[in-house]
Every structure is written in structure tokens, then in C-alpha cells.
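Here is what each chain is made of, one letter per residue.
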Amino acid sequence: AQSVAQPEDQVNVAEGNPLTVKCTYSVSGNPYLFWYVQYPNRGLQFLLKYITGDNLVKGSYGFEAEFNKSQTSFHLKKPSALVSDSALYFCAVRDMGPPDSWGKLQFGAGTQVVVTP
Amino acid sequence: DAGVIQSPRHEVTEMGQEVTLRCKPISGHNSLFWYRQTMMRGLELLIYFNNNVPIDDSGMPEDRFSAKMPNASFSTLKIQPSEPRDSAVYFCASSDPTGELFFGEGSRLTVL
């Protein structure tokens, strides 16, 4: 079964510093990986995804993620964090079943990011 | 497009009462998902539909929970009778053919 792990409950970073949110995955076959962000009292919003191709994926709001097959990781990064990036971040992996299950994502526990001025 | 629309945004009810949550997916999306989010258990998939047909309901906690999708533009999640442990934020999401999920703003349920 597919799964992802987010080892950090919370990440604290000062505004302007680089931000990294960690995610490792466990899948059989090729992974389809996603990052979502949740702001307070809102639904989850799509940031980026890795399906195949370039290991560095660029997404919304200046975020990018690096797929590393040897380390089974898909860490989310931003070169310079903003206070407005403070939110809950979820890593997710797609179910590898038939096409009608492709939206079925297995989410990690989430990592709270706190960016201080 | 207005995105995934959920109602009500907030619901406070007493134990034993019936609760109905509603969802309108994005037009053209053929898959719909109901998730529940709590501090203790995180984000859990309850059930999902493809072309209005329930595909996997293994995440539905028990018989008190039921979900329907009578047409491509509407789904309901019903809890009857409700219990305090059902208190959570319930999200509806729909997906496009690439599998990208679009979430609604959620329905926050409090059962007293």
C-alpha cells in the first residue's frame, strides 16, 4: 500500500530564510506525489505534483519540491519564506489502482509551518 | 468556476440528531470524495464516487454514516444518529482526470 510520512509536526523559520518541509514515501511502482497547503479554516489547496520527468517540480506561490528516488523523499522547499506561508502542509501519494481511483490520495499527517517576522 | 461548494459551513447539533452535509462538485469533474479532519486522526477518506457510483466506502466509520450522489452535481453525507465523537471538519473534494483534488471549504460539525 502507498503511504507518505511527514516526520516533523512543526517547522519554525524566520521570514526571508529558506523553508523545507520533509516528506518520505513508500510505494510499489512509480510514485505520483503531491503537496497541498491548508490555511486556517480553509480547505486544502493544491501546490504541486510529481508524476514523471524532471526531479525538481515548481508549483504555486514560489514553492518547489525535489523528488529523490534513492532517498524516497519529496521535500517541499521555498528559497525565502514569507509570514503568509504560515499554514499546514500535507504531502500525499496517489493510489495506483484503476483510473477511477486516481483522485484517491493518501495524505501524511501534515506539518505546521510557522514563519516569524 | 465557483469551486467545490459545501453547506452548511458550520453545524452545531445535539447528540442523536440527524446531520446532513451537502456538496456541489466542480462541473465536469467525475470523481467526488468525502474526507473528515480531526486533530487526533488527521485527514481521513470516508468514501469516494466515480461517475456518481460509490467506489470505495471502506473509510465510513459505521452504519450511522451514509453518502449519496444522486447526480453529477450533488452529493450528501448523512449522520444518523450523530454522536459527540463525530465532531470534525468534513471536506468534500472533486477531481479532474489528472487526479488533482479540489477541496471545498469544509463543514465544521459540533455534536454536543
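Note: the structure precedes this text.
Note that this is a predicted model, so its numbers are computed, not measured.

1. Structural notes on the sheet that holds strand β1 (residues 5–7) of chain B
Residue and element names in this part refer to chain B.
Right, so step 1: In spatial order, the strands read β1-β3-β8-β7; together these four strands make up an open sheet with antiparallel pairing. Every interior strand has two partners, whereas the edge strands, β1 and β7 (65–71), have only one. Across the sheet, the axes of successive neighbouring strands diverge by a mean angle of 15 degrees, strand direction being ignored.
Right, so step 2: When β7 meets strand β8 (residues 74–79), the two strands line up antiparallel, connected through five bridges. Directly across from Ser 66, in β8, lies its bridge partner Lys 78.

2. Quick word on the pairing of strand β5 (residues 33–38) of chain A
Residue and element names in this part refer to chain A.
Right, so step 1: Counting buried residues along β5, six of its six residues qualify, which places the element largely inside the surrounding structure.
Right, so step 2: Relative to strand β6 (residues 44–50), β5 runs antiparallel, the two sharing six bridges. Bridging across to β6, Tyr 36 finds its partner in Phe 46.
Right, so step 3: Between β5 and the antiparallel strand that follows it, β6, lie five residues; Asn 41 among them carries a positive phi value of about 60 degrees.
Right, so step 4: Pairing of β5 with strand β10 (residues 87–94), which is carried by six bridges, proceeds in the antiparallel orientation. Opposite Val 37, over in β10, you have Tyr 89 as the bridge partner.

Rules behind the numbers
- Every chain begins its residue count from 1, and numbering advances along the sequence as written.
- Lettering for chains starts from A, numbering for ligands starts from 1, and both go in the order in which the items are written.
- Selection of residues for local features in this predicted model requires a pLDDT of at least 70, selection of side-chain atom pairs for listing and counting requires 80 or more, and totals for whole chains, interfaces and linings are taken over all residues.
- Excluded from the side-chain calculations are hydrogens and water; all other atoms, namely the structure's heavy atoms, are used.
- If DSSP finds at least two bridges between two strands, the strands pair.
- Comment: elements are numbered from the N terminus, with helices defined as DSSP H or I runs of at least four residues and strands as E runs of at least two.
- Note on definitions: angles span 0 to 180 degrees between N-to-C directions of axes, and those axes are lines fitted to C-alpha atoms, for helices only across the stretch in contact.
- The classification of residues rests on relative accessible area computed with a 1.4 Å probe and restricted to protein chains. Under 20% of the type maximum is buried, over 50% is exposed, and intermediate values are partly exposed.

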